[in-house]
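An overview of the molecular structure
Spelled out from the first residue to the last, the chains are:
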Amino acid sequence: MSAIDHLIHANARYAETFPGPRPLRPKLRLTVIACMDSRLDLFGALGLEIGDAHLIRNAGGLPTEEVLRSLALSQRRLGTREVVLIHHTECGMENFDDEEFRATLAETGVTPTWDVPGFTDLHDTMRSSIRTVRECPWLPHREDVRGFIFDVATAKIEEVV
């Protein structure tokens, strides 16, 4: 059975006990921006339920232009007010070589318009990420932005001030 077939079967079981639709606007008025890493169970680790928060995920959990676009929609159209950024230990973006990666993509004959920034210092990157969100002029709610490092070995989060 393929991974996609597994998802289809799992969805059929899930739909049997599905409690019904939830409101469009997140109950906690919260957006979580996190890495796409499959080891991060944001619902379990943060005590979230379906419908509590918007979850925006990408490589590194970095507030890229696309993430800021989604965050602007989240705040301006769907009522979120607080932002949590989650980076994590053992991230694949740590010491990532963007130039080397882009060179492999250029072999296709099409150069991407985007970059894939890596980082070397997790805490400095988090401070920069917080600053990026707080300074984004598209966001009406920038005062409640906090950042955390998720330890993949213990599942504990550490706030970065």
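Everything below is about the structure printed above this text.
Anyway, here's the lowdown on the structure attached to this text. Note that the structure is predicted; figures quoted are calculated from it, not measured. (Residues numbered from 1 in each chain as written. Predicted model: local features only at pLDDT ≥ 70, side-chain atom pairs only at ≥ 80, totals over all residues. Heavy atoms only, no water.)

Before going further, it helps to examine the overall build of the protein chain. Tallying secondary structure elements over the protein chain gives 5 helices and 5 strands in all. Listed N to C, the secondary structure of the protein chain is α-β-α-β-α-β-α-α-β-β in terms of helices and strands. Each of the three principal axes of the protein chain carries a C-alpha extent, and together these read 45 × 45 × 35 Å. Here the protein chain holds 161 residues, and the buried ones make up 35% of them. Pairs at least 24 residues apart make up 64% of the contacts formed inside the protein chain by residues separated by at least 6 positions. Here the protein chain displays about 10,100 Å² of accessible surface, and carbon together with sulfur accounts for 54% of that area. Of the charged side chains in the protein chain, 18 are positive and 25 negative, and the gap between their average positions amounts to 11 Å. (Helix = DSSP H or I, 4+ residues; strand = E, 2+ residues; numbered from the N terminus. Buried < 20%, exposed > 50% of the residue type's maximum accessible area, 1.4 Å probe, protein only. Contact = heavy atoms within 4.5 Å. Areas by Shrake-Rupley, 256 points an atom, 1.4 Å probe, with all protein chains shown as cover. Lys, Arg positive; Asp, Glu negative; His and termini not counted. Charge placed at Lys NZ, Arg CZ, Asp CG, Glu CD.)

Moving on: the layout of surface pockets. Rolled over the atoms, a probe with the dimensions of a water molecule shows which regions are left empty. Taken as a whole, the largest pocket holds about 270 Å³ of empty space. Lining the largest pocket are 13 residues; nearest its centre among them are Asn58, Thr64, Trp114, Asp115 and Pro117. Sorting elements by how many residues they give to the lining of the largest pocket places helix H3 (residues 65-78) first, with 3 residues. In terms of residue class, the lining of the largest pocket is built from 7 nonpolar, 2 polar and 4 charged. (1 Å grid on protein atoms, 1.4 Å probe; cavity = no way out; pocket = protein on both sides within 12 Å on 5 of 7 lines; lining within 4 Å. Points joined across faces, edges and corners; volume = space filled by probe spheres on them. Nonpolar A, V, L, I, M, F, W, Y, C, P; charged D, E, K, R; others polar.)

With that settled, the discussion passes to H3. Given a rise of 1.5 Å per residue, 14 residues ought to cover 20 Å, and the 19 Å separating the end C-alpha atoms of H3 matches this to within 8%. Here H3 has its buried residues at Val67, Leu68, Leu71, Ala72, Ser74 and Gln75. An end-on view of H3 places all buried positions within 160° of arc, on one side of the element. H3 presents Glu65, Arg76 and Arg77 as exposed residues on the side facing more than 90 degrees away from its buried surface. For H3, the elements touching its buried residues are strand S1 (30-35), strand S2 (53-58), strand S3 (82-88) and helix H5 (122-134). Downstream of H3 by one or two residues, Gly79 has phi in the positive range, about 80°. (Expected span 1.5 Å × (residues − 1). Arc of directions from axis to C-beta.)

Mapped onto the secondary structure, Thr125 falls in helix H5. Residues Thr125 and Leu62, 63 residues apart in the sequence, show an inter-C-alpha distance of 8.5 Å. Each residue touching Thr125, except ones within four places of it in the same chain, is listed here: Leu62, His87 and Phe119.

Read across the open sheet, the 5 strands follow the order S2-S1-S3-S4-S5; overall the sheet is mixed. The outermost strands of the open sheet, each flanked by one partner alone, are S2 and strand S5 (157-160). Pairs of neighbouring strands in the sheet enclose a mean axial angle of 25°, with direction left out of account. One ladder, built from 6 bridges, connects S1 with S2; its direction is parallel. Bridge pairing links Ala34 to Arg57 in S2. The strands that H3 touches are S1, S2 and S3; relative to S2, the one it contacts most, it runs at about 170°. Its contacts with the sheet put H5 on S3, strand S4 (145-150) and S5, and the angle it makes with S3 is roughly 155°. (Pairing = 2+ DSSP bridges. Axes fitted to C-alpha atoms, helices over the stretch in contact; angles between N-to-C directions.)

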